[in-house]
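Fold and contact review
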Amino acid sequence: MSKQQSPQTKTILTPTARLARVEKRRLADARVTEGAQAWRAPEVLSFSAWLGSLRGQALMTGAVDRVPVSASQSRLLWQQVIDTDVFIGEPRVYTLAERAWRTIHEHCLAHPSEWPEALLSEDSRRFRDWVQRFEKVSGQRGVIDEWSFAARLPGLFADGALEWPAMIELIGFELPPTPLQQQIFKALADAGTAINGLAIDKAAGTQTADGDDNRNDNRNDGGDFDSDYGIDSKPDSGNRSRHPSADDHVLDAQGFELHRFTDADEELRAAAAWARARVAHCPDQAVAVVVPDLNGRLARVERIFLQLFDPPGFALGDTGAEAWHVSLGLPLAQWSLIADALLLLRLDPARIDQATAGRILASACLGGSSHEAGRRARATADLMQWSPFEITAFELIGACRKSGATIIAAQLDAWKARRPEHRDAAWPSEWVARFQTELELLGFGRGRALDSREYQVLQRWHELLEQFGALDAVITTPIKRGFALSLLAERAGGATFRERNPGCPVEILGVEEALGSRFDALWITTLDTENWPGSVRREPLIPGPVQARVPGASSDGRLARAGLELAGLLRAANDVCGSWSSGSEDPQREPTQLLYRPQIIDAPAAPAREPIALERIDDDRHAPMLLDAKVRGGTGVLSDQSACPFRAFALRRLGARELAMPRPGLDAAARGNLTHTALELFWQGLAGHAELIALKPDELDQRIHTATDQALGRLTEPHRLLLSAAGRRLEQRCSVRTLQRWLELERSRGDFRVAAREQEIAMEFAGLKLKGKIDRIDETPAGTVLIDYKTGRAGRNGWMPDARIADPQLPAYALAMTSRPAALAFARIRPDELKFDGLCETDAGIPGVTELAEARGAWKDAEDWNVLLNDWQTCLDGLSISFQEGRAEVDPRDAQACRNCHLHSLCRIHERMPAADTEHEA
């Protein structure tokens, strides 16, 4: 052995990491079949992983005068170079520069400094400048990027600067190697390495790997059978060749079944049904479904295969193993475990919005999640109901402790104490240590036990952190937390992750993953003219003539490459069929022209579905009798019973409260409370109308400003993040203006005295005991007036005596008074509407409060005040009795009652009412 040969005498290279894993497993299965119990496994690597190992070897031996860096480190260099320019539009231009730099080296194109000026566009000129800066920065920092290093490999092998194996076997290289790969393999061959697998089939014009025909011998053929969709297996379909008289890229597909569908989803369902039928017939088969545009349809593909394979509990034998696996995955940042980790690292103890707080408390990856899940949910509900949009970590911890979620409270408390120590700038490796400390304090990864998929996700996360820490080599100064987090999140968003195939018989693959593999049966989807040969793809930063010989950068090159890919797929199995969807609109998609004389088969019509027999359940409209006559909620109980009996039952007896996410600033309810409190404080110390008239303008303004300021103080005291300083000034200015206009209306009233403010009152109707609070009670020459402040829509028509009175609040207060009131009034205080609206027995001197005998419209037949009070008593007693008896039928009073209700998922009102009627009423 030459002194430069590696102790590893044989290395197996594959084009993809998936093929490397498959080959390792195949070799191990073969040795086990031979009876071996221990053996020295050959090195099996993807080509990119092999380049990475060579970079590591060069770093350890000093084979190059610079430090080889990884793709992640190179990306940051590009980002630093390009971020010095200002762009309008695409924010990730550096990814285009990265891709162009790789294309230049992979296909041995001219260096940008050598491009003729006449060929350059503004974009390519800018790219040339970036390359010059990139190489200058790399030289200054003593590093060499992965592709510049790969371009130097032929020379390093020729000089003996690196070790090489005695033999390299190439497996799965269905497409011709790139020019860079050819140079590397030639240099290795010149150095004495035996390279197997580069034989070229000149008749087909494609590359084949030595021994491919033998690697499928141990697979179970499965035989011919009729699938659920009437698709016959053709065991001879793997022996396709080009038609000699046709175009050089067209394959003779005589006997190849090409199924036509109208809808793309229908095509996927047929492929899934075909795959299910095959593995059900013979579970030992290796079956593949190729979806060329898998990246764009990943979610749809997974959903359809779930539908076809899961019902009715499809599994392989008694093991319950999954039957299918998709090769392409989501970005790492979209996996729930990593999304939670990034969310926790972005957490600021001084400001946490409610959505983030809810996600933290609902996260299953935090310690104690399974033990106190209910308590954390209760804490989330309390925060939504009582807290503003943004809270502090102290408030979050308090809510957790109040609900009994002590484990998460302790973890948040420990994190809150350590978090301020991580404010200053640091190196990426230091940030990794800080991030891991914070996650550990929060109990990340110590929730429920991880399954195999989650364990692999967590392992990939740790690898990502390790790569992030290695950015020290290309960063000149420590970075701040925000920039560190943006870099980490960006890398997590760009790293696609899918758990490894545990051995599922059905694989869903893209074209690149499927090439070079061997299966018992293969279905190729989307065989239409739009995807085969597909559109030309050029690098926008490289001049067109420079990249003319890059496969896919020209129409001829794209056509040739598509022919090679399709030929490789047809060789991947003995039983191959395909399909395409024509679409329902004109012009319809046509089958690919790369297949000569395929057998076109129209998809069978979908069988008619029989209507599902629905289970009928007797509707029990009565709940148990209410045993306790005391109910929380005041007159809201009667309002809910009137609006819909089910609503009252669900809210008042089952506690089905609404959990609506708070919004930034003050909502309508908070502004209503602000107005109530400000008016209560304003009238404090003022006896009535005479004192109001006596106030001088500056005294009146001062009193209004003081009342609104104190009201805002009460509102924001429990939660300091409820309003910013600017928001508070704006709310105070609006409130002051509203109160000034309202008090002008109060000054126009007749004489009155404010007898009580926020007066608590006890009520009882048919034995049901309720409590309430009257906003204001005035004494006038006409008698007592009950006033209720309203900042929303309200009117006296809601008091019409009916079995289901719409607004029973003030009538209930009137009936509970020791002395009968002479008038009821809404004080409607809205920026667009300031007025009184009510009824009185005799004129109370309040504009807008009409005498009952003179009222018109709905009140034209009501003349006697005492009769009205008696009618109200009857109505409220009836509502009270129906509530206590457990009347809980879904019976809304009108469409408005449903429009403002959050219980639709429980009562399913839209399934009971015709859609047309509901829409019309709305």
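So, how was this worked out
- Residues numbered from 1 in each chain as written.
- Predicted model: local features only at pLDDT ≥ 70, side-chain atom pairs only at ≥ 80, totals over all residues.
- Heavy atoms only, no water.
- pLDDT = per-residue confidence, 0-100.
- Contact = heavy atoms within 4.5 Å.
- Helix = DSSP H or I, 4+ residues; strand = E, 2+ residues; numbered from the N terminus.
- Buried < 20%, exposed > 50% of the residue type's maximum accessible area, 1.4 Å probe, protein only.
- Expected span 1.5 Å × (residues − 1).
- Pairing = 2+ DSSP bridges.
- Axes fitted to C-alpha atoms, helices over the stretch in contact; angles between N-to-C directions.
- Parallel < 35°, antiparallel > 145°, perpendicular 65-115°, else oblique.
- Nonpolar A, V, L, I, M, F, W, Y, C, P; charged D, E, K, R; others polar.
- 1 Å grid on protein atoms, 1.4 Å probe; cavity = no way out; pocket = protein on both sides within 12 Å on 5 of 7 lines; lining within 4 Å.
- Points joined across faces, edges and corners; volume = space filled by probe spheres on them.
- Disulfide = S-S within 2.5 Å.
- Core = buried A, V, L, I, M, F, W, Y, C linked by side-chain atoms within 4.5 Å.
- Polar contact = N/O pair within 3.5 Å; in protein donor to acceptor, adjacent residues only side chain to side chain.
- Patch = residues over 30% accessible without salt bridge, like charges linked within 9 Å, V, L, I, M, F, W, Y side chains within 5 Å.
- Areas by Shrake-Rupley, 256 points an atom, 1.4 Å probe, with all protein chains shown as cover.
- Salt bridge = Lys/Arg side-chain N within 4 Å of Asp/Glu carboxyl O.
- Lys, Arg positive; Asp, Glu negative; His and termini not counted.
- Charge placed at Lys NZ, Arg CZ, Asp CG, Glu CD.

Across the chain, pLDDT averages 87, with 89% of residues at or above 70. Contacts of residues 199-246 to residues separated by more than four positions or lying in other chains number 115 contacts, the stretch itself having pLDDT below 50. The model gives residues 915-922 a pLDDT under 50, and that stretch makes seven contacts with residues more than four places away or in other chains.

Below, the discussion takes up the environment of glycine 493. If you trace the backbone, glycine 493 turns up in helix α17 (residues 481-494). When its relative accessible area of 37% is taken as the criterion, glycine 493 is described as partly exposed. Residues glycine 493 and glutamine 334 lie 159 residues apart in sequence; the distance between their C-alpha atoms is 7.4 Å. Excluding residues within four positions of it along the chain, glycine 493 makes contact with Pro331 and Ala333.

A few words on helix α19 (residues 555-570). The terminal C-alpha atoms of α19 lie 22 Å apart, and with 16 residues this matches the ideal 22 Å at 1.5 Å per residue to within 8%. For α19, the full list of buried residues reads Gly557, Arg558, Ala562, Gly563, Leu564, Glu565, Leu566, Ala567, Gly568, Leu569 and Leu570.

It is worth spelling out the sheet that holds strand β12 (residues 287-290) at this point. As summarised here, the arrangement of the seven strands in space is β13-β18-β12-β19-β20-β11-β22, forming an open sheet in which the pairing is parallel. A strand with exactly one partner marks an edge of an open sheet, and here the two such strands are β13 (324-326) and β22 (599-602). The sheet shows a mean angle of 20° between the axes of neighbouring strands, taken without regard to direction. As defined by bridge partners, β12 adjoins strand β19 (residues 519-524) across four bridges and the pair is classed as parallel. Each bridged residue has a counterpart across the sheet, and for valine 287 the counterpart in β19 is alanine 521. Most of the contacts of helix α8 (residues 264-281) go to β12, to which it runs at about 170°, and overall it touches β11 (257-261), β12, β18 (506-509), β19 and β20 (573-581).

Close contact between helix α20 (residues 636-643) and helix α21 (residues 645-653) brings their axes to 5 Å; oriented N to C, the two are set at 140°. The angle between α20 and α21 falls in the class oblique. Residues Gly636, Val637, Asp640, Gln641 and Ala643 of α20 pack against Pro645, Arg647, Ala648, Leu651 and Arg652 of α21. Here the contact of α20 with α21 is composed, by residue class, of five nonpolar, two polar and three charged.

Residues of β18 alternate between two faces, with Val506 and Ile508 on one and Glu507 and Leu509 on the opposite face, all of them buried. Sheet analysis places β12 next to β18, joined by four bridges and oriented parallel. By the bridge assignment, valine 287 is partnered in β18 with valine 506. Relative to β18, β13 runs parallel, the two being bridged by three bridges. The residue bridging tryptophan 324 from the neighbouring strand is valine 506, located in β18.

Now for empty space enclosed by the protein. Under the criterion given, the structure shown has one cavity of 30 Å³ or more. Listing elements by their share of the lining of the largest cavity, those giving two or more residues are α21, α28 (895-899) and α29 (904-907).

Turning next to the state of the cysteines. Taken as a whole and assessed by the stated rule, the structure comprises zero disulfides. In this model cysteine 901 remains outside any disulfide bridge; the closest cysteine sulfur is found in cysteine 907, 6.1 Å from its own.

Trp78, Phe127, Trp130, Leu396, Phe444, Trp461 and Leu488 are the most contacted members of the largest nonpolar core, which has 81 residues in total. Top element by residues in this core is helix α10 (residues 336-345). It accounts for seven residues. Every residue in contact with phenylalanine 444, bar those within four places of it in the chain, is listed here: Leu337, Ala341, Leu344, Cys365, Leu366, Leu439 and Leu458. Formed by 38 residues, the second largest nonpolar core is a distinct cluster that contains Leu686, Leu723, Leu739 and Leu745.

Let us now look at the side chain of histidine 689. For histidine 689, the position within the fold is in helix α23 (residues 689-694). Take histidine 689: its relative accessible area is 12%, and that puts it in the buried class. At 2.9 Å, the side chain of histidine 689 forms a polar contact with the backbone oxygen of arginine 747.

A surface patch of positive charge is lined by Arg729, Arg733, Arg737 and Arg741. By the secondary structure assignment, arginine 729 is in helix α25 (residues 725-747). Owing to a relative accessible area of 52%, arginine 729 belongs among the exposed residues under this scheme.

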